[in-house]
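# Structural overview for review
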Amino acid sequence: MFNCGKIAIIGGGSWATAIAKIVVGSTHRIGWYMRRDDRILEFKRMGHNPAYLTSVHFNLDEIDFTSDINKVVQENDTLVFVTPSPYLKNHLKKLKLPIRDKFIITAIKGIVPDENLVCSEYFHEVFDVPYSNLACIGGPSHAEEVALERLSYLTVACSDKEKATAFANVLAGTYIKTKVSSDVVGIEYGSVLKNVYAIAAGICAGLKYGDNFQAVLMSNALQEMSRFLTSVYPSDRRMEDSAYIGDLLVTGYSNFSRNRTFGTMIGKGYSVKSAQIEMEMIAEGYFGTKCMKEINRHMHVNMPILDAMYNILYERISPQVEIKLLTDSFR
């Protein structure tokens, strides 16, 4: 039976903190890489992340903090990457050690910018990590609810089922239920797209469209996601599984969703820049929209919601105009 060995968290945001809470509760020992030394010092002084999920307190004796990515790679066997996708390349630029033999798990719900690759593809192509050593974590789950220990369901996907099961067992507990899948790329792309669709849901909310229309929007979003996943990576996946429709729904409807919040601000008349400044948190869907648009230029999948979001966010076309055109295309 595969053993995950020593596990480290790479990242210091909300989702990284939530996953750290789950893993350390199971293993009682983790490595934790954060980029900023001052953030680590504050964490040690306060006993919790000073910037995210501040209500979650940790036993500091169970955590090996470091701001040296090579140190955390050298000392751990399983590396859980939970950084915002726009920053992943900058973190890895400092990496001097090979990671080919590490078990790499990505909980990053975004595309690597400029590369236009989901994270598993990026680790495979750039760092030569075999797909059997690559996994991802799928939702539906919000970090805030994990912090509150509200019941959440996670899917661990890996082409090696034994490895997926091993990490799923690490995550499983009283408030976390897990299942395994082999659809790494499908779940990763689905995680990117659901953020785009959550922005659409937020824009529609900001424009005062009601619940009836939101349900139609989500239905069409699921169909659009299915069309894309079938084109890019055909599989016998079931879109009704929680990793797909569940993640889409929670991100599109929840008040915890930063992508929905970002979209709502755009719908109310904020510029992209002003919405980003006021949020003080990254809405992955903004970056994902551009990357997915570029990817789909080669795939030629019919994706009207993605196209509308790109036009609003990057071409500065009026949300009122784009959403009206979108409503006319729905049935």
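Treat the numbers as computed from the prediction; the structure is a model and nothing was measured. (Residues numbered from 1 in each chain as written. Predicted model: local features only at pLDDT ≥ 70, side-chain atom pairs only at ≥ 80, totals over all residues. Heavy atoms only, no water.)

## Re the pairing of strand β10 (residues 176–181)
Test applied: Whether two strands pair depends on DSSP finding at least two bridges between them. Starting at the N terminus, helices and strands are each numbered in turn, a helix being any DSSP run of H or I of at least four residues and a strand any DSSP run of E of at least two. When the strands point away from the viewer, a crossover counts as right-handed if the path from the first strand over the helix to the second runs clockwise.
In this structure, strand β9 (residues 152–158) lies alongside β10, joined through six bridges in parallel fashion. Across the sheet, alanine 157 pairs through a bridge with serine 181, a residue of β10. Handedness of the crossover is the feature at issue here: the chain leaves β9, passes through helix α7 (residues 161–171), returns alongside β10, and the resulting connection is right-handed.

## A closer look at the sheet that holds strand β5 (residues 103–106)
The test is simple: Between N-to-C directions, angles span 0 to 180 degrees; the directions come from axes that are lines fitted to C-alpha atoms, helices contributing only their stretch in contact. Whether two residues are in contact is decided by their heavy atoms, any of which lying within 4.5 Å being enough.
With respect to topology, eight strands assemble into an open sheet ordered β3-β2-β1-β4-β5-β8-β9-β10, the strand pairing being mixed. One side of each edge strand has no neighbouring strand; the edge strands of this open sheet are β3 (63–66) and β10. Each strand axis lies, on average, 20° off the axis of its neighbour in the sheet, ignoring direction. Inspection of the sheet shows strand β4 (residues 78–81) paired to β5 by four bridges, in the parallel sense. Within the sheet, the bridge partner assigned to phenylalanine 81 lies in β5 and is threonine 106. Against the sheet, helix α5 (residues 119–127) makes contact with β4, β5 and β8 (134–138), and its axis sits at roughly 165° relative to β8, the strand it touches most. Sheet strands in contact with helix α8 (residues 184–206) are β5, β8, β9 and β10, and its direction is about 40° off that of β8.

## What to know about unusual backbone geometry
Residues glycine 139 and proline 140 are joined by a peptide bond in cis, for which omega reads 10°. Within the secondary structure, proline 140 sits in the loop between β8 and α6 (143–147). Even without glycine at this site, aspartate 114 takes up a positive phi of about 75°. Here aspartate 114 lies in the loop between β6 (111–112) and β7 (117–118).

## With respect to the packing of aromatic side chains
Rule in force here: Planes of paired rings set the category: under 30 degrees apart is stacked, over 60 is edge-to-face and the rest tilted, where pairs are Phe, Tyr or Trp rings (Trp by its six-membered ring) whose centres lie within 6.5 Å. Relative accessibility under 20% of the residue-type maximum defines a buried residue, over 50% an exposed one, and the middle range a partly exposed one, all with a 1.4 Å probe and only protein chains included.
A complete count under the given rule lists 17 aromatic pairs for this structure. Centroid distance tryptophan 32 to phenylalanine 58: 5.5 Å. Interplanar angle 65°. Geometry classified as edge-to-face. Note that tryptophan 32 is positioned in strand β2 (residues 30–33) and phenylalanine 58 in the loop between α2 (37–46) and β3, a separation of 26 residues in sequence. The exposure class of phenylalanine 58 is buried, given its relative accessible area of 11%. With centroids separated by 5.6 Å and ring planes inclined at 55°, the aromatic side chains of phenylalanine 43 and phenylalanine 58 adopt a geometry described as tilted. Of the two residues, phenylalanine 43 is situated in helix α2 and phenylalanine 58 in the loop between α2 and β3; the sequence distance between them amounts to 15 residues. One exposure class covers both phenylalanine 43 and phenylalanine 58, and it is buried. One aromatic cluster in this structure is built from Phe262, Tyr286, Phe287, Tyr310 and Tyr314.

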